[in-house]
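These are the residues of each chain, in order.
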Amino acid sequence: KMQVCDFKASMESVLVVPASKIQCNQRSDKAGTFRPGKCFRLCTERAFNESLPQTHPPEIQRCDLVNIVLRLKALGIQDLLRFEWVVPPSAE
């Protein structure tokens, strides 16, 4: 599931989307972290290599930032353009 924003309709929704290859690899890396374990992918190797996206866009590019902007303003941060984001959002 992925939270996305339709900016034209000004609505957020949660969509069911295929996992990305990076997400699958992160999950498989966790198998056996605390005790012996295995990770099984329920798709063929061909489907994994050809159908799944390499990655998904970062959440900051998919979601409406209005609530975040309002919260920062409420915290007293007035100059949001000079705010030091962990990863600066794109200008778009």
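Residues numbered from 1 in each chain as written. Predicted model: local features only at pLDDT ≥ 70, side-chain atom pairs only at ≥ 80, totals over all residues. Heavy atoms only, no water.

**What to know about the overall build of the protein**
In terms of helices and strands, the protein carries four helices and two strands. What you see in the protein, going N to C, is helices and strands ordered as β-β-α-α-α-α. The C-alpha radius of gyration of the protein comes to 18 Å, more than 25% above the 12 Å expected for a compact globule of 92 residues. When its C-alpha atoms are laid out on the principal axes, the protein stretches across 50 × 35 × 20 Å. The proportion of buried residues among the 92 residues of the protein is 14%. Expressed as a percentage of contacts within the protein between residues at least 6 apart in sequence, the contacts between residues at least 24 apart total 54%. Side-chain charges of the protein comprise 13 positive and 10 negative groups, with the mean position of each set lying 8 Å from the other. (Helix = DSSP H or I, 4+ residues; strand = E, 2+ residues; numbered from the N terminus. Rg over C-alpha atoms; globule rule 2.2 N^0.38 Å. Buried < 20%, exposed > 50% of the residue type's maximum accessible area, 1.4 Å probe, protein only. Contact = heavy atoms within 4.5 Å. Lys, Arg positive; Asp, Glu negative; His and termini not counted. Charge placed at Lys NZ, Arg CZ, Asp CG, Glu CD.)

**So, the packing of aromatic side chains**
Centre distance and the angle of the planes are the two values used to describe a pair of aromatic rings. The full count for this structure, using the stated rule, is zero aromatic pairs. Across the ring face of Phe48, the terminal group of Arg41 is positioned such that the distance to the ring centre comes to 4.4 Å. (Phe/Tyr/Trp six-rings, centres within 6.5 Å; stacked < 30°, edge-to-face > 60°. Lys NZ or Arg CZ within 6 Å of the ring centre and 35° of its normal.)

**A closer look at the pairing of strand S2 (residues 11-15)**
Direction of pairing for strand S1 (residues 2-6) relative to S2: antiparallel, over a ladder of five bridges. When the sheet's bridge partners are listed, Met2 is paired in S2 with Leu15. Hairpin connection of S1 to S2: four residues between the antiparallel strands, including Ser10 at a positive phi of 55°. (Pairing = 2+ DSSP bridges.)

**Considering the environment of Gln61**
As for its position among the elements, Gln61 is in helix H3 (residues 59-62). Separated by 56 residues in the primary sequence, Gln61 and Cys5 have C-alpha atoms spaced 9.1 Å apart. Each residue touching Gln61, except ones within four places of it in the same chain, is listed here: Phe7 and Ser90.

**Observations concerning the pattern of salt bridges**
Once the charged atoms of two side chains with opposite charge are near each other, the side chains can pair. Considering all chains together, one arrives at two salt bridges under this definition. The shortest N-O distance in the salt bridge between Arg46 and Glu50 comes to 3.3 Å. Highlighted residues: Arg46 and Glu50, both in helix H2 (residues 45-51), separated by four residues, approximately one helical turn. A residue is classified by how much of its surface remains accessible, and Glu50, at 59% relative accessible area, is exposed. For the salt bridge of Asp79 with Arg82, the shortest nitrogen-to-oxygen distance reads 3.2 Å. Classification of Asp79 as partly exposed rests on a relative accessible area of 39%. Residue Arg82 is classed as exposed on the basis of its relative accessible area of 70%. (Salt bridge = Lys/Arg side-chain N within 4 Å of Asp/Glu carboxyl O.)

**Quick look at the layout of surface pockets**
By volume, the second largest pocket amounts to about 150 Å³. When the residues that make up the lining of the second largest pocket are grouped by side-chain class, the tally is four nonpolar, two polar and three charged. (1 Å grid on protein atoms, 1.4 Å probe; cavity = no way out; pocket = protein on both sides within 12 Å on 5 of 7 lines; lining within 4 Å. Points joined across faces, edges and corners; volume = space filled by probe spheres on them. Nonpolar A, V, L, I, M, F, W, Y, C, P; charged D, E, K, R; others polar.)

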